[in-house]
Amino acid sequence: MNFTLSWLREFVDFRGSAQGLARTLTMAGLEVESSRPLPSMQEGQEDWVMEVAVTPNRGDCLGILGVAREVAALTGGHLRLPPALPAARSSGIDRLVDVRILSPDLCPRYSARMVLGVRVAGAPDWMKRRLEACGIRSINNVVDVTNYVMLETGQPLHAFDADRLPTKRIVVRQAGEIQKLTTLDGVERALVPGDLLICDGAAPIALAGVMGGSDSEVQWDTHAVLLESAHFDPACIRRTAKRLAIHSEASHRFERGVDPQGTLYALGRAALLLAEVAGAAPVKGVVDRYSRRAKPAPIVLREKKVSALLGVELPRRRTEHILTALGMKVQGRSKTAVRVIPPSYRSDLTREEDLIEEIARLTGYENIPSRLPLVRPAGGGSNHRPARERKLRAFLLGEGLTEMINLPFTSAEMNRRFRGLWGDKRSPVAIVNPLGQDRTELRLSLIPGLLDNLRTNLAQKARSFHCFDFAKVFALDARGAAEEKQQVAGLLYGARERKGLRWKDETPPTFLEVKGIIEGIFEVLGIGPEPAWSNSGVGSFLHPAKAAVIRLENRDVGYLGEIQPDFCEAAELEPFQVFELDFEALAEYAPRQLTARPLPRFPAVARDLAVVVDDAFPAQRIVRWMKDLNHALVEGVEVFDQYRGSPIPEGKKSLAYTISYRAEDRTLTDSEVNQLHQQLAARVAELFGAQLRM
Amino acid sequence: MRESLDTLRNEFLARIVDGASEQEVQRLRVEFLGRKGKLTLMFHRLKEVPPEERPGLGEALNELRGFVEGKLELRLTELKRREKERLLQAERVDITLPGSRWERGRVHPLTLVMDEITDVFVAMGFELARGPDIEDDYHNFEALNMPPDHPARDMQDTFFVSAARVLRTHTSPVQIRVMETRKPPLQVIAPGAVYRHDDDATHSPMFHQVEGFMVDSQIAFSDLKGVLTHFLRRVFRPETGVRFRPSFFPFTEPSAEVDIQCFLCDGKGMVQGQQACRVCKGTGWLEILGAGMIDPEVFRFVGYDAERVSGFAFGMGVERIAMLKYGIEDIRLFFQNELRFLRQFA
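The text that follows walks through the structure, step by step, so that each part is easy to find.

About the cut-offs
The numbering scheme is per chain: residues are counted from 1 as the chain's sequence reads. Starting at A for chains and at 1 for ligands, labels are handed out in the order in which the entities are written. Totals for whole chains, interfaces and linings use every residue, but because this is a predicted model, local features are given only for residues with pLDDT of at least 70 and side-chain atom pairs only at 80 or more, for both listing and counting. Hydrogens and water molecules were not included; the side-chain quantities draw on all heavy atoms of the structure. A cavity here means a set of points on a 1 Å grid, drawn over the protein atoms and nothing else, where a 1.4 Å probe fits but cannot get out; a pocket is an open set with protein on both sides within 12 Å along at least five of seven lines, and a residue lines either one if it has an atom within 4 Å of a point. Grid points are joined across faces, edges and corners, and a volume is the space filled by probe spheres set on the points. The way it works is that DSSP assigns letters per residue, a run of H or I at least four long becomes a helix, a run of E at least two long becomes a strand, and they are numbered from the N terminus. For this classification, the nonpolar set comprises Ala, Val, Leu, Ile, Met, Phe, Trp, Tyr, Cys and Pro, the charged set comprises Asp, Glu, Lys and Arg, and every other residue, Gly included, is treated as polar. Each domain's limits were defined by an automated method or a database of domain assignments. Whether two residues are in contact is decided by their heavy atoms, any of which lying within 4.5 Å being enough. Buried area is calculated as the accessible area (1.4 Å probe) missing from two parts once they are joined, with the contributions of both summed. Take a side-chain nitrogen of Lys or Arg and a carboxyl oxygen of Asp or Glu: if they are within 4 Å of each other, that pair is a salt bridge. Two strands pair if DSSP finds at least two bridges between them. Axis definition: a line fitted to C-alpha atoms, limited for helices to the stretch in contact. Angles are taken between N-to-C directions and run from 0 to 180 degrees. Expected span of a helix, by definition, is 1.5 Å for each gap between consecutive residues, and there is one gap fewer than residues. Each residue gets one of three labels from its accessible area relative to the maximum for its type: buried under 20%, exposed over 50%, partly exposed in between, using a 1.4 Å probe on protein chains only. Note on terminology: angles under 35 degrees are roughly parallel, angles over 145 are roughly antiparallel, angles of 65 to 115 are roughly perpendicular, and the others are oblique. Definitions for this section: a left-handed crossing has its near helix turned counterclockwise from the far helix by less than a right angle. A right-handed crossing has that turn clockwise.

### Re the layout of surface pockets
One way to see where empty space is left: roll a probe the size of a water molecule over the atoms.
Residue and element names in this part refer to chain A.
Thought 1: Considered as a void within the structure, the second largest pocket measures approximately 1900 Å³ in volume.
Thought 2: Counting residues per element, the ones that place at least two in the lining of the second largest pocket are helix 15 (511-525), strand 25 (532-534), strand 26 (542-552), helix 18 (620-629), strand 30 (634-643) and strand 31 (652-661).
Thought 3: Tallying contributions element by element places strand 30 first for the lining of the second largest pocket, with eight residues.
Thought 4: Classifying every residue of the lining of the second largest pocket by side-chain character gives 21 nonpolar, twelve polar and 16 charged.
Thought 5: Both domain 4 (385-587) and domain 5 (605-693) contribute no fewer than three residues apiece to the lining of the second largest pocket.

Rendered as structure tokens:
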């Protein structure tokens, strides 16, 4: 909310500069976001426009009067109300207008006055200047007066052209089933039950607390004006304003709570100003329907609660002084507590804690001491997860992959192509109010984001691009419940970059190098069971022969492989590799308990085994078989070479294994090892149809 | 004969100068010590001198031979040393060439800052917690004292995935989830992604927050001040000015906005005398945290007795802290993920 300094000074006396005031208000919770000098009419008379960010709980400060009350409480300055024209006790107005409230819960109070003989014209310059400084466009003297008084008191007023109200019977009620109203801005609004209406007889003339109707608007020929000053239910106003996307000065204030006791002063102030600037003659008397009288409930404030919550002992005298300075009435006292009644304009004060905040605010947060609390750790089970997440990141960084952080939004098309690890029974999460057509769903996979990152960086002439993303993916299960999983995905495009002199043969990573990264991840996370690598179930966006699904105890936990060549061709990209792993699944495996083994006392003997097998033969089968033998003297077995071409026949390949033999209790003799090795070789040849190469 | 000894010594010394090569040294050895060498011949001539002079002269001859042998040996060693040195010098590398190494991967600056923030709290004894990104209305709003139709909901433009489920607009629902399942004492830090329906140079539809809270039997506002002041001085400079001022959040009471002194203008609001500081917009202060004492309504929702426990909570925007720390002016840089940007961070 904006106000000018000179205007504020009409309500309260205070010394000091605009900057000083800005600081005082900011440190008391009314943050002054800007203050700028206003070019004044008279030379040498400076004025300032202050912009205050009013928090939603402080509806009372959406009028200068409220700000003035704060200034008075903070500085001890004298508060005064500008003059108003009180309504004389008279039933004069009752002959002209009748008011009935059919929804007293939504409209606890409706006050109205009538002025006659209005000459509608432009408002005087001083009024226009103040309105404009506060961001309100000048319309005409009548409308301007209602806005001027609203800025002063926080009480929204509405002016109806009384001659355009045929029945002059004001009815406040909820909208019926099918009803329409054209508002001041010329838009025809469809109303729904629950909207609160001001009607003339049966005809709606205003959306209560939100916007007036165009039919009863004050115009250049308006002669008689009915001034409305009412109190409406905040939630009701908010629902209507929100549904119709109308954010008016009035609705903004009603949503945040207006002083129910302030309707009559605002009317009197407006009547006086209308007489001044529009030559109006107020009709005697006022209509005031106030069926639900607001009665602020007393609040008990205990001394010990103040010190417990703030961490500082404040003298009773001081706290009571603060409360009374803020307009509270002390209703009773005991040795340890005081009971107060908050003023009607502070609907936000209903509890002890609210009063303690007021005490802290006026004491000044800077005057509350600072201390470090005793932290009592909760104990209990250890959480490996944060440490493992950091290990995972550190490992991938070491492998040369740079971390990406992507927005989780993607298109339905991308979700169709990249389903991640969700299987067929999950569907994407759609955003009800997306920011754009290409961001209508939450991602099923991290790959689309990485593809975007690849494109961005290639457009910037990156020679290669190795990256990973460690973030959540989302899906709905068959019953429509949302699921989210933390995943890690990587993309490796082009040869890994080097610093320094160029190498001659820089080549992009192969499938096996990416598999190496995955194995490394399993290693740093200390996953006990060994993963299985399978060709079946590989996603259609991957190369059918250069990709694998990763299984852990018969469950798919990830995949890796080269992107489908057609995709690369269409996108004019070189072949590249991706992987995606379900971190949630990996996290279920507690890190393997490590036990160090003593170093072996006797030497190992290594023997190589080379076999010729069918081209499609998986090398791992022989390793697996040998491990499953659990032979006491076979310490380990590894594939170390694969060869195709002369002299190996077409359709065959040569695989070379190295087997390490060791006994725990002695040095093995050559003949012993040779004999065992020959036995094993013969078994391999027999079992796998392999031809031994010697 | 003694005179010829001296002549021979001088001749040898003159011949074995510094420049003598290995070949010359070998030639000298033959010339002086060989079978027909000059010194060898002198030994032969010993017979010709009178017997009483022989011992003295013999001693002098032996001395000269020792001298010549020593000199020759020294020269050879020196020559070998020089040769080795020459060979080593031939292997010289250009130490000004660039170091050769793989390009490292870079951690995203937001992760960097998020880890830095959580580390300070973890060192103070806080534990890490997380919650879902897709939240229900209850945890994101209602249990945080934001009933439907509350104007505070306007402060947070929300993405909906259904009528009752949203992308969490803040990390505060983690407070509720932890308190629902555990009893005090609690000191928890909860970093994570949050979402708001907003997209411009200073707002991203997704950004990150770190939420923290502490609940125990005697936690007061002064503890909140102590913990957050300590934190800010760790993450920024140890002498950073910190200020707490009243604010409003539906889930805390009293509530505070926490500012740090602007590090560009040192809190003066002006740079170079007259220009308003662009970082703090001339105020001298930077808003960095929202905080407050947990509202009793929130305790009521999670079944805690506000008469027996109290606590504070706070939340901060990771992007904002990163932008201030590194002088980044456009939030979108974080999510464009250009290597040119990311490689600026260690």
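### Quick word on the interface of chain A and chain B
Reports often express the size of an interface as the amount of accessible area lost when the parts come together.
Thought 1: The partner chain B presents 91 residues to the 85 residues of chain A that form the contact.
Thought 2: Both sides of the chain A and chain B interface together cover about 7400 Å² of buried area, and 54% of this is carbon and sulfur.
Thought 3: For the chain A face of the interface with chain B, the top three residues by lost area are Tyr 365, Ile 405 and Lys 499 of chain A, together amounting to 10%.
Thought 4: In this assembly, chain A and chain B are joined by 13 salt bridges.
Thought 5: In this structure, the salt-bridge partner of Lys 472 of chain A is Asp 133 of chain B, at a minimum N-O distance of 2.6 Å.
Thought 6: In terms of residue count, helix 12 (residues 385-398) of chain A provides more of the side of chain A that touches chain B than any other element does, six residues in total.

### Regarding the sheet that holds strand 2 (residues 31-38) of chain A
Residues and elements named next belong to chain A.
Thought 1: Read from one edge of the open sheet, three strands run 1-3-2, paired in antiparallel fashion. In this open sheet, the two strands that pair with only one neighbour each are strand 1 (2-4) and strand 2. Ignoring which end each strand starts from, the neighbouring axes of this sheet average 20° apart.
Thought 2: Summarising the sheet, strand 2 and strand 3 (residues 47-53) pair through seven bridges and their orientation is antiparallel. Bridging from a neighbouring strand, Arg 36 pairs with Val 49 of strand 3.
Thought 3: Against the sheet, helix 4 (residues 125-133) engages strand 1, strand 2 and strand 3, with an angle of about 140° to strand 1.

### As for helix 8 (residues 263-278) of chain A
All names here are of chain A.
Thought 1: The terminal C-alpha atoms of helix 8 lie 21 Å apart, and with 16 residues this matches the ideal 22 Å at 1.5 Å per residue to within 8%.
Thought 2: Most of helix 8 sits inside the fold, with twelve of its 16 residues counted as buried.
Thought 3: Every buried residue of helix 8 is accounted for by Thr 263, Ala 266, Leu 267, Gly 268, Arg 269, Ala 270, Ala 271, Leu 272, Leu 273, Leu 274, Val 277 and Ala 278.
Thought 4: Positive phi shows up at Gly 279, right after helix 8, with a value of about 60°.

### Focus on helix 11 (residues 352-363) of chain A
Residue and element names in this part refer to chain A.
Thought 1: Compared with the 16 Å implied by 1.5 Å per residue over twelve residues, the 16 Å span of helix 11 between its first and last C-alpha is a close match.
Thought 2: Of all the twelve residues making up helix 11, twelve are buried; the element is thus mostly covered by neighbouring parts of the structure.
Thought 3: Restricting attention to buried positions, one finds in helix 11 the residues Glu 352, Glu 353, Asp 354, Leu 355, Ile 356, Glu 357, Glu 358, Ile 359, Ala 360, Arg 361, Leu 362 and Thr 363.
Thought 4: A positive phi of about 95° marks Gly 364, the residue just after helix 11.

### Some details on the packing of helix 2 (residues 22-33) of chain B against helix 4 (residues 54-90) of chain B
All names here are of chain B.
Thought 1: Running from N to C, helix 2 and helix 4 cross one another at 165°; their axes reach a closest spacing of 10 Å. Taken together, the axes of helix 2 and helix 4 are roughly antiparallel relative to one another. The interaxial crossing formed by helix 2 with helix 4 has left-handed handedness. Touching Glu 22, Val 25, Gln 26, Leu 28, Arg 29, Phe 32 and Leu 33 of helix 2 are Arg 65, Val 68, Glu 69, Leu 72, Glu 73, Arg 75, Leu 76 and Leu 79, all from helix 4.
Thought 2: By residue class, the composition of the contact of helix 2 with helix 4 is eight nonpolar, one polar and six charged.

### With respect to the environment of Pro 109 of chain B
All names here are of chain B.
Thought 1: Mapping Pro 109 onto the fold places it in helix 5 (residues 109-123).
Thought 2: Note on Pro 109: relative accessible area 0%, which makes it buried.
Thought 3: In this structure the C-alpha to C-alpha distance between Pro 109 and Phe 341, which are 232 residues apart in sequence, comes to 9.6 Å.

### Points about the pattern of salt bridges
Thought 1: Scanning the model with the defined rule gives 82 salt bridges over all chains in all.
Thought 2: Residues Glu 320 of chain A and Arg 333 of chain A are paired through a salt bridge, measuring 2.6 Å at the closest nitrogen-oxygen approach. Note that Glu 320 of chain A is positioned in helix 10 (residues 316-325) and Arg 333 of chain A in strand 17 (residues 329-333), a separation of 13 residues in sequence.
Thought 3: Here Arg 333 of chain A falls in the exposed class, since its relative accessible area comes to 58%.
Thought 4: For the salt bridge of Glu 239 of chain B with Arg 237 of chain B, the shortest nitrogen-to-oxygen distance reads 3.7 Å.
Thought 5: Taking relative accessible area as the criterion, Arg 237 of chain B reaches 37% and is therefore assigned partly exposed.
Thought 6: Ionic contacts of the salt-bridge type, sharing partners, join the residues Arg 58, Asp 60, Glu 70, Arg 346, Asp 348, Glu 358 and Arg 361 of chain A into one network.

### Description of unusual backbone geometry
Across the chain, the bulk of peptide bonds are trans and the bulk of non-glycine residues have phi less than zero.
Thought 1: Look at the link from Ser 646 of chain A to Pro 647 of chain A: it is a cis peptide, with omega at 0°.
Thought 2: Following the sequence through the fold, Pro 647 of chain A ends up in the loop between strand 30 and strand 31.
Thought 3: The residue after Pro 184 of chain B, namely Pro 185 of chain B, is reached through a cis peptide bond having omega 0°.
Thought 4: Among the structural elements, Pro 185 of chain B can be located in the loop between helix 7 (173-181) and strand 5 (186-195).
Thought 5: Within the chain, Ala 245 of chain A stands out as a residue other than glycine whose phi angle is a positive 55°.
Thought 6: The residue Ala 245 of chain A is located in the loop between helix 6 (234-244) and helix 7 (249-256) in this model.
Thought 7: The phi torsion at Glu 553 of chain A lies on the positive side, around 45°, for a residue other than glycine.

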